[in-house]
Amino acid sequence: MIDPKLLRQAAAEVAANLARRGFAFDADAYLALEERRKSLQVETEQLQSERNTNAKRIGKAKAQGEDIEPLLAAVKDLGEKLEASEAALQAVQTELRDLELGLPNLLDDAVPTGDSEEDNTEVRVWGEPAKPGFEARDHIELGERLGQLDFESASKISGARFVVMKGALARLQRALIQFMLDTHTSEHGYTETYVPYLVKSPALVGTGQLPKFEEDQFKTTDESPFYLIPTAEVPVTNLASDVIFEADSLPVRYVAHTPCFRSEAGSHGQDTRGMIRQHQFEKVELVQFVAPDASMDALEELTGHAEVILQKLNLPYRVVVLCSGDIGFGSTKTYDIEVWLPGQGRYREISSCSNYNDFQARRMKARRRNPETGKPELIHTLNGSGVAAGRALIAVMENYQQEDGSIRVPEVLQPYMGGIEVIAAPA
RNA sequence: GGAGAGAUGGCUGAGUGGUCGAAAGCGCUCCCCUGCUAAGGGAGUAAGGGUUAAAAGCCCUUCGAGGGUUCGAAUCCCUCUCUCUCCGCCA
């Protein structure tokens, strides 16, 4: 949520910023609504104040045994007026809040203006795409030849956009997850967390998926109000909701491995084959709670933490800054890390690292005590994949494939693989 | 799933219709006293919002959440959520 004070005081500037996203913010309509809120609130509070003083007066008079009838007569129609005023105020406030919850975050100046992922800017490249002396297979062919990726069974059980993994490949994904968790906890100062995979709607409002992106979420049933998490960002970031952190307790860094569930509404026809875009996938997520002046530095760090994973796996990648047309709803600045996939001959997103500044914090009332003033103030939140495990598996398969279709196990994963160095089809 | 109890400020905990945003204690902050340590005395100490250029001041809201009764609700009524205890079931 954008600071309502800023919306009031600088509506035109906000509109200009959001226009870079292609988002139309009607500043005049907002300000008109805000005017109504103001007059209604002043009026309501005046009536409330009147009610309070009268009630006190009656209480006193009664205690002294005076006749309260005339006092009661005097406040006779106050109640009705107050009720009407309160109802009108609440209606306007609900309208305002709905509007505010629907506004995306303000963009950082460093975000390039653009329409689509075509306009993202590359900031650095690491490693060099390998040129094998044979034609690289994609992960689908590799996995099916090994008999360890089974899309047919998955679709029989659950339909499209699911996979069944078996044997060493299933273990390889688990190894990747373990390796990532261990690296982030022991080398980057994150605390491992285990969190619920089912959450209630306020949690999703807090991180920004609701109310606007309801159709992207899986909901359990209409009766029970649970949603399946689309990312660990949701439960982990909400650990800060309604919390006032002590001045010296930030930054807080959490890492969690969870499955992620996405309806992928609106992405029909995209990446329908293979494991790139699934309804269910595994991800290791990094979340940070930081002081408000520390978030841009933290974003660089956090992105670096994700990069370390790819470096240790020796997977070539590049980092891009998302442009104004591609960046997420709640982010003020996002780096995507794209890993090289030989089977596709291109870079594909494997991590997305975002600074939300106070956007989520305001929604979920995540605050800290300012060390100077002692007063609560909103913190900044960040998150990033560190990294997506399903896509990391694909990347390892395609980058470590050999001509005979076998897959070498990256050195850093071997301790997690019980000595397996090559994954090959049984002879 | 059955039976019962509960939800109050950073914590413990009092408060069953009026001057209660809330006693007391603990904790924390500041001051005073005391030549160590310990102890003692005093003051302060919730959050959000409105008004304001901003602050002060003033006002409003909040005692799990939402609704209701009333001139007036932490206190009475209804619904919901959560927590705890016992029984049953269960990885």
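Whatever comes next refers back to the structure up there.
Residues numbered from 1 in each chain as written. Chains lettered and ligands numbered in written order. Predicted model: local features only at pLDDT ≥ 70, side-chain atom pairs only at ≥ 80, totals over all residues. Heavy atoms only, no water.

*Asks:* Is there a simple way to think about the overall build of chain A in this case?
*Replies:* Each helix and strand in chain A was counted, giving 13 helices and 18 strands. For chain A, the C-alpha atoms occupy an extent of roughly 100 × 45 × 40 Å along the three principal directions. In chain A, which comprises 427 residues, the share counted as buried stands at 49%. Of all intrachain contacts in chain A linking residues separated by at least 6 positions in sequence, the fraction that spans at least 24 positions is 73%. Accessible area for chain A stands at about 20,400 Å²; split by element, carbon and sulfur atoms hold 48% of it. (Helix = DSSP H or I, 4+ residues; strand = E, 2+ residues; numbered from the N terminus. Buried < 20%, exposed > 50% of the residue type's maximum accessible area, 1.4 Å probe, protein only. Contact = heavy atoms within 4.5 Å. Areas by Shrake-Rupley, 256 points an atom, 1.4 Å probe, with all protein chains shown as cover.)

*Asks:* How should I be thinking about the sheet that holds strand β4 (residues 191-193) in this particular structure?
*Replies:* Hydrogen bonds along the backbone pair up the strands of a sheet, which may run parallel or antiparallel. Taken in spatial order, the eight strands make up an open sheet running β1-β11-β12-β13-β16-β10-β9-β4, and their pairing is mixed. If you trace the sheet from one side to the other, it starts and ends with β1 (121-126) and β4, each paired once. Averaged over all neighbouring strand pairs, the angle between strand axes comes to 25°, with direction disregarded. In terms of strand pairing, strand β9 (residues 252-261) meets strand β10 (residues 280-290) through ten bridges, oriented antiparallel. Bridge assignment links Y254 to a residue of β10, and that residue is V287. Strands β4, β9, β10 and β16 (380-388) of the sheet are contacted by helix α8 (residues 167-187), whose axis makes an angle of about 5° with β10. (Pairing = 2+ DSSP bridges. Axes fitted to C-alpha atoms, helices over the stretch in contact; angles between N-to-C directions.)

*Asks:* Would you mind going over the sheet that holds strand β15 (residues 376-378) with me for this structure?
*Replies:* If you trace the three strands from one edge of the open sheet to the other, you get β8-β14-β15, paired in mixed fashion. Strands at the two margins of the open sheet, each flanked by one partner only, are β8 (244-245) and β15. In terms of strand pairing, β8 meets strand β14 (residues 367-369) through two bridges, oriented parallel. The residue of β14 that forms the bridge with F245 is R368.

*Asks:* Sorry, what's going on with the protein's contact with RNA strand B here?
*Replies:* Taken together, 22 residues sit near RNA strand B, with K38, Q48, R51, A55 and R367 positioned nearest. The contact atoms of RNA strand B, taken as those within 4 Å of the protein, divide so that sugar and phosphate hold 73%. One of the side-chain N or O atoms of R8 is found 3.0 Å from a phosphate oxygen in RNA strand B. Take E45: an N or O atom from its side chain is 3.3 Å from a base nitrogen of RNA strand B. (Near = heavy atom within 4 Å. Polar contact = N/O pair within 3.5 Å; in protein donor to acceptor, adjacent residues only side chain to side chain.)

*Asks:* How should I be thinking about the packing of aromatic side chains in this particular structure?
*Replies:* How two aromatic rings sit relative to each other is given by the distance of their centres and the angle of their planes. All chains considered together, the criterion is met by eight aromatic pairs. Plain terms: the ring middles of W340 and Y347 are 5.1 Å apart, the flat faces sit at 70° to each other, and that makes the pair edge-to-face. For the pair W340 and Y347, a shared accessibility class is recorded, and that class is buried. Aromatic ring contacts, followed pair by pair, group F213, F329 and F359 into a single cluster. Note that R253 overlies the ring of Y190, its terminal NZ or CZ placed 5.8 Å from the centroid. (Phe/Tyr/Trp six-rings, centres within 6.5 Å; stacked < 30°, edge-to-face > 60°. Lys NZ or Arg CZ within 6 Å of the ring centre and 35° of its normal.)

*Asks:* Please clarify how the environment of S85 should be interpreted in this entry.
*Replies:* Within the fold, S85 resides in helix α5 (residues 78-101). Separated by 44 residues in the primary sequence, S85 and Q41 place their C-alpha atoms 8.3 Å from one another. Among all residues touching S85, those that are not within four sequence positions of it are L40, E43, T44 and L47.

*Asks:* Would you take a moment to explain the packing of helix α3 (residues 27-63) against α5 for this structure?
*Replies:* The contact between α3 and α5 brings their axes to 9 Å, and the two run at 145°. Every pair of crossing elements has a handedness; the one defined by α3 and α5 is left-handed. Here the residues of the contact of α3 with α5 are counted per class, giving eleven nonpolar, six polar and ten charged. (Left-handed = near helix turned anticlockwise from the far one by under 90°. Nonpolar A, V, L, I, M, F, W, Y, C, P; charged D, E, K, R; others polar.)

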